[in-house]
Amino acid sequence: MASEDELVLFVNGQEVRLSRPDPEMTLLYFLRKHMRLTGSKLGCGEGGCGACTVMVSRYDPIRREIEHLSVNACLAPLCSVDGMAVTTVEGIGSTKESLHPCQERIAKAHGSQCGFCTPGMVMSMYALLRNNCTPSEEELEEAFEGNLCRCTGYRPIIEGYRTFTKEACCGGSGAAGGGKCCLKGGGGGEKADDCQQTSCDSQPGCTGAKCCLKGGCGLEGLVNTCCQENGNAECKEEATQNGSPDGPLQVKAEQRKPNALFDSSKFIPLDPTQEPIFPPSLMLAAPARPLAIQGPRTKWFRPSTLEQLLELRDQYPQHSSPDKPQYRMVVGSSEIGVEVKLKNAFYEVLISPTHIPEMNRLEVTEEGLMVGGAVTLTRLGKKMKELTRSMPEHMTRSFTAILEMLRWFAGQQIRNVAAVSGNIATASPTSDLNPTFMALGVKVNLASKGHSRTVVMDDSFFTKYRQTIIQPNEVILSLVIPFTREGEYVFSYKQSRRREDDITIVSCGLRVLLEQVGSDWKVVNSSLSYGGMSFRTVLAKKTQQMMVGRTWDEAMMADTCKLLLEDLPLAPGAPGGMGEYRHSLVTSFFFKFYMTVLHRLSPQTIPAEMQSVVQPYHRPHTRGTQGFQMVPDTQAPLDMVGRPMMHQSALRQATGEARYVDDMPPYQNELYAGLVMSTHAHAKIVVDTSPALQMEGVRDVVTVCDVPGKNLVGVFHDEPVYADGEVTCFGQIIAVVVADNLMLAQRAAKVVKVTYQDLPSVITIKDAIVANQFYNVTRQISEGDVEGALGAAEHTLEGETHMEGQDHFYLETHGCIAIPSGEEGEMELLCSTQGLHHTQLAAAEALGVPSNRIVARAKRLGGGFGGKETRTMSLTTAIAVAARKVQAPVRAILERNEDMISTGGRHPFLGQYKVGFTSEGKITALDLKMYSNGGNSIDLSYGVMDRAVLNSENAYHIPNFRCRGWVCRTNLASNTAFRGFGGPQGMMMAEQVIDMVATKLGKPVEEVRYINLYHEGDVTPYGYVLTECRLNRCWSELMERCQFNERKANVEAFNRANRWLKRGVALIPTKYGIAFGLKHLNQAGALLHIYTDGSILLTHGGVEIGQGLHTKMIQVCARCLGVPPERVHVLDTSTTTVANSSPTAASSSTDLYGMAVKNACEQLNERLKKYKDKDPLGGWEKWVMSAYLDQVNLSAQGFHRDEDLHFNWTTGKGSPYNYYTYGTACSEVEVDTLTGGFTVLKSDILMDLGNSINPAVDIGQVEGAFAQGLGLFTVEQHVYLEGSQYTQRGQMLSFGPSLYKIPGFSDVPVEFNVSLLDNAPNSRAIFSSKAVGEPPLFLAASVFFAIKEAIRAARREGGFPASFQLDSPATVERIRMACLDEFTQKALEIHKADDKSWTIIV
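Residues numbered from 1 in each chain as written. Predicted model: local features only at pLDDT ≥ 70, side-chain atom pairs only at ≥ 80, totals over all residues. Heavy atoms only, no water.

Chemist: Please provide a residue-by-residue account of the side chain of Glu 488, values included.
Modeler: Its place among the elements puts Glu 488 in strand E21 (residues 488-496). In this structure the side chain of Glu 488 is engaged in a polar contact, spanning 3.0 Å, whose partner is the side chain of Arg 511. In contact with Glu 488, not counting residues within four places along its chain, are Arg 397, Phe 483, Arg 511, Val 512 and Leu 513. (Helix = DSSP H or I, 4+ residues; strand = E, 2+ residues; numbered from the N terminus. Polar contact = N/O pair within 3.5 Å; in protein donor to acceptor, adjacent residues only side chain to side chain. Contact = heavy atoms within 4.5 Å.)

Chemist: Please provide a residue-by-residue account of the nonpolar core, values included.
Modeler: In this structure, Val 915, Met 930, Ile 1245, Phe 1273 and Ile 1347 are the most contacted members of the largest nonpolar core, which totals 114 residues. No other element matches helix H35 (residues 1341-1358), which puts nine residues into this core. The contacts of Ile 1347, once residues within four sequence positions are left out, are Val 1229, Val 1231, Phe 1238, Thr 1274, Ala 1370 and Ile 1375. (Core = buried A, V, L, I, M, F, W, Y, C linked by side-chain atoms within 4.5 Å. Buried < 20%, exposed > 50% of the residue type's maximum accessible area, 1.4 Å probe, protein only.)

Chemist: Let's hear about the packing of aromatic side chains: which residues, and what values?
Modeler: Overall, the coordinates contain 33 aromatic pairs when judged by the stated rule. The interplanar angle of 15° and the centroid separation of 5.6 Å between the aromatic rings of Phe 262 and Phe 267 together place this pair among those described as stacked. Each member of the pair, Phe 262 as well as Phe 267, is classed as buried. Aromatic ring contacts, followed pair by pair, group Phe 144, Tyr 154, Tyr 161, Phe 164 and Phe 1305 into a single cluster. In this arrangement the basic side chain of Arg 906 is found over the ring face of Phe 978, its NZ or CZ atom lying 4.1 Å from the centre. The ring of Phe 1345 has Arg 1009 lying over it, and the distance from NZ or CZ to the ring centre is 5.1 Å. (Phe/Tyr/Trp six-rings, centres within 6.5 Å; stacked < 30°, edge-to-face > 60°. Lys NZ or Arg CZ within 6 Å of the ring centre and 35° of its normal.)

Chemist: Lay out the environment of Gln 746 with the relevant residues and their values.
Modeler: Among the structural elements, Gln 746 can be located in helix H20 (residues 742-751). Residue Gln 746 is classed as partly exposed on the basis of its relative accessible area, which comes to 23%. Expressed as a C-alpha distance, the spacing of Gln 746 and Gly 674, which sit 72 residues apart in the sequence, is 4.6 Å. If we skip the residues at most four places from it in the chain, Gln 746 touches Gly 674 and Glu 895.

Chemist: Please give an account of unusual backbone geometry that cites residues and values.
Modeler: The omega angle of the peptide bond from Ser 1368 to Pro 1369 is 10°, so this bond is cis rather than trans. Within the element layout of this structure, Pro 1369 appears in the loop between H35 and helix H36 (1372-1379). Notably, Tyr 154 is not glycine yet its phi reads approximately 75°, a positive angle. Its place among the elements puts Tyr 154 in the loop between helix H4 (137-143) and helix H5 (155-162). Residue class for Tyr 154 comes out buried when judged on its relative accessible area of 1%.

Chemist: Mind laying out the side chain of Ser 40, listing which residues take part and the relevant values?
Modeler: In this structure, Ser 40 sits in the loop between helix H1 (27-34) and strand E3 (53-60). Contacts of Ser 40, omitting those with residues within four sequence positions, involve Leu 28, Arg 32, Ala 51, Cys 52, Thr 53, Val 54 and Thr 88.

Chemist: Explain helix H29 (residues 1031-1041) to me, and be specific about the residues and the numbers.
Modeler: Counted residue by residue, H29 has eight buried out of eleven residues, so it is predominantly covered. Buried residues of H29: Leu 1031, Asn 1032, Arg 1033, Cys 1034, Trp 1035, Glu 1037, Leu 1038 and Arg 1041, and no others. Backbone geometry just after H29 places Gln 1043 at a positive phi near 50°.

Chemist: Give me the sheet that holds strand E46 (residues 1128-1130): which residues, what numbers.
Modeler: The four strands lie next to each other as E46-E45-E44-E48, forming an open sheet whose pairing is mixed. Each end of this open sheet is capped by a strand with a single partner; those strands are E46 and strand E48 (1195-1201). Across the sheet, the mean angle separating the axes of adjacent strands is 25° when strand polarity is ignored. For strand E44 (residues 1083-1090) and strand E45 (residues 1096-1100), the ladder comprises five bridges, and the chain directions are antiparallel. Among the inter-strand pairings, Ile 1090 is bridged to a residue of E45, identified as Ile 1096. With respect to the sheet, helix H31 (residues 1109-1121) is in contact with E44, E45 and E46, its orientation differing from that of E45 by roughly 130°. Across the sheet, helix H32 (residues 1149-1174) lies against E44, E45 and E48, angled at about 140° from E48, the strand it touches most. (Pairing = 2+ DSSP bridges. Axes fitted to C-alpha atoms, helices over the stretch in contact; angles between N-to-C directions.)

Chemist: Could you give an account of the packing of helix H16 (residues 579-601) against H36, with specific residues and numbers?
Modeler: Axis separation between H16 and H36 bottoms out at 10 Å; the angle between their running directions is 70°. On the basis of their axis angle, the class for H16 and H36 is roughly perpendicular. In this structure, H16 crosses over H36, and the sense of that crossing is left-handed. Contact with H16, carried on its side by Glu 580, Tyr 581, Ser 584 and Ser 588, involves Val 1372, Glu 1373, Arg 1376 and Met 1377 of H36 and no other residues of that element. Grouping the amino acids of the contact of H16 with H36 by side-chain chemistry returns three nonpolar, two polar and three charged. (Parallel < 35°, antiparallel > 145°, perpendicular 65-115°, else oblique. Left-handed = near helix turned anticlockwise from the far one by under 90°. Nonpolar A, V, L, I, M, F, W, Y, C, P; charged D, E, K, R; others polar.)

Encoded structure:
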């Protein structure tokens, strides 16, 4: 075919012409590496996080429409955007010119912390607004289904962007509607009084009479809530405290004042008329011309006619044999992009049918809806919604079933580009849509050169794993989704680890055609199709045959469920694991289907307690309140301490101007690193680098032979920089390939040949216990006579509990640029690390030079959470050696899968306990043993175990207590610091014990928790006397604020009224000690310069990770010097400005660096004092200039150390912490006991944070920590394989967002209320504040125990014991299988003899 090889596209309004681009290049790579538009980030490379989101606009000449689509640039091939306009975050606004409202609102609503995900959030919102300038709240939340954030907890992002929605109360400001009131969609009056609506009735709980639009500020009957600005303008209680820290709080009505984290009335209005137009030249160029682009390895074809497509397909068929050349059709690249990235797939030819008119049809026929093979899921969904609104309900039940599945299909970015035909052709056995298509008997129209045929998606359609009856030279021209008939019902169901954007565990499409015979309904025929139950999508044919002629009644349902288990067998150890759970879902789904159809036939036959089974899932919109103490009226307006000041980098993060390591411009002669990593747990190795060295553009391959100094790194120098003849874990660095570009370096790394000779490996904690394989430190604390108290106890219990680990999943992976100077061994390391000092030392030792030759610096990190405290050293040191060898700058950025496999995570723990207690629930003795999985090196495992042991009683005073801890040495990548640093693991052990005690006694667990709480003056098992202990105050205030007793009564009433939907509510306390575990780390330095123009440059040893450290230091500095914050600028953190800095960790940075900054300011204030005294009205600039002219030093080095810390592990006694941060949380959940799916309905948190320096930052930290804890205790679970002939034991399968799920927008509490305790100054930290980063995380255990309460309610109703073990995380599988009912019992019976497991718990 005659075709062109030049791409034409627009990027941010600029025309770009590319001759013969590389078809293997993604749009993101092009934008970042060629256009230097680094605002779009690489977070995962598989379309699972949304950090790379851009807007792609295209013109459809057939429909004469311009589409604006949010797209994952990391998956989109560059060639796929020919003829389109690409808009990145840089293209819509900047701090240098003008901000777009999307950028401003997320920043000023405090929705950007580390900022790495922020550009993707901005562009998802921008694309939504380009399509609909006044979206609904439902559309708003739907737009972010493909975006992840690890920092914020999502609430501030939603609240900032909710101001755009038509439901939002703009208060008459017009902020949400282009200058007009948002209640009229932007087209109404200028004031709220002019609006047609007189109250914000769309706001949950709005009372009308007290509506914020009418001057009200609260909701009747609810404490601490407000409908104005979605809860931001809270009725704040400015309280006074009487008596002790546990004393009652007296609040007067006149002390209540409105308070807000942001003022939306000052937002820039959205004016849709000012958005850039679609380039006219692209509209004139439509329809598109054919493309044929030859790259270095791959050809890209984009035909423009069906004839051209079929000719190409005949020439380049899709071979199923891996021995033949691989050619593929590509539309959205959502599958192919992942295969290339993660499975090392290579395709010589890619054919894009996106511009074939026949494949873009979406037409209603007599038979049903004809869907072209290139029609995207977004277009399909819109069309089906139109048809369900306009056609008779009985005809569109097939569409409703598909729409239900599309709700949970990937994220918006994927649905915007993924084609319907791709879902069929990839033939995934865990497909979302294929079971429904098969149940409906969808017809597939196939075409090839000179031929066409139509096939039906029946049980013969999928032939083998990922294979179909489609011939190699055929294309899916279209499919026909049939209408349904009277008496025909079809529903689809899916269960996954996380509700949205997750891979199916089991999915199904269930269809039945019924006819009425007398008073009965008889089955004419049915189709029961399941995904996730075989190597292909299958029909339960025997069951379908049995159902024919049967009456639709309980007997039929019972027989069907029984036969389904026989029809859909799962062998022991079947891929995917979870055999019992998957079988329980098969029957549970059919039960739901049966009940739903019965409800349609005769609603009155469904008992009230069964109604929840037939209701489709609906999640209310996220909302929340934030409470904090206002600063006194006497505080100077310029003094921002105590005020909700915006993160100092937020606006730059929202515009893409904020730079991270990989955003730094390339250096001259810069080279790129590709890592060769171990694929075995423990083995001897032989390395052959010659295949890589033979590739053009590869400069060198670096191995252990090239290390000039010590080949050891790590906290205890027990890890090799490069593997030396042996590997001891997956992901260990063996070699580094250095090449001219990143794509080449990565390809070359894959051809380095490593020969493995396996050695015995230890993977799990229990493996290590059996092998007696521990690191040589045992930790113990003890108080009282434990054995004696256990022997004398009224009651005793013994048990064990397991808590799995967690991946940090910071959005920015580990990265480093090493720049050798060529002079005296000097080198600069730009790196994403929390520990610059250790990074500097490690590189110096490996290079054989003193530390003063190495400079390590960091501008900001895209998240860290402890994962970049020490684990960075392995990468930075290896890259420093590589840069030294090639004498050129070398850049290395880990891919998401590399990062997850190699850098470790939170330590898994096993706890074994024996507890003694009274009949009232008072614990008299506890003996606890804990084992952690340390991995292949010590790293920080000793410190993690230290804190786990010291936190193992959580918030409870136990007079006779002993805890012992051991660290297991295994062949996993070394586990490391993670937010909480062992504290959550220790606390979880205590809470599991409390829960089991309460269950044993039949007492409410909150009563048992309360009577065991610490009080002022109590002494911990390690001898620390508690002062300023506000645990009881936090507990009692939150009990009142969240109306706990009333909520619990409501939960119990709900559970009595519902058989299969259960709720639970739980109240959890926390006590978290603040300080580094090693005394010498509790020190900090700062450097302050005042310039003659009055500006101030501040540097300190802390790294900005998103926690707002720099922002708080600006506030501290500005207050101490008496200047506006705008005068203070914070430079990047570097070993040249503050030497020997401690890691930015342990939640101590504000305490330590705040005092160091204060110390520097005090020195400067003393020097400036005489000039202020001499000329009190002179002003800052004059005082500074006078001092300068008087030859006064205007630089100061500040320093601080905590001196009162001490601990002796020999005696188990001491004072390891400066103080404690306290908090309580109450969470309420709703559990679908038939599937294990759950929703967090409400979480209320009350934190004692002293006098907050920045309430916006601190509340953001509370919410973010809670969301991360929610992941830890529920959805986040690593999958490690048991091993087979194809896989290694201990091999991690969950190395990306496809299989490792962190909480998304819809996983956080529906109602998320956070308050900071009033009038609770802390005498031991800067400005009476308290640390916040880690302490709130454990409060998410309230969700875990609320789930446990819901399960308990289900078990009681089914007649099963209330006492049961639930390990963390409470995954959907564990929840479902703990509920116990007739469905789980049958599944358990089938698998009781299984002696194989597909996965292991490490």
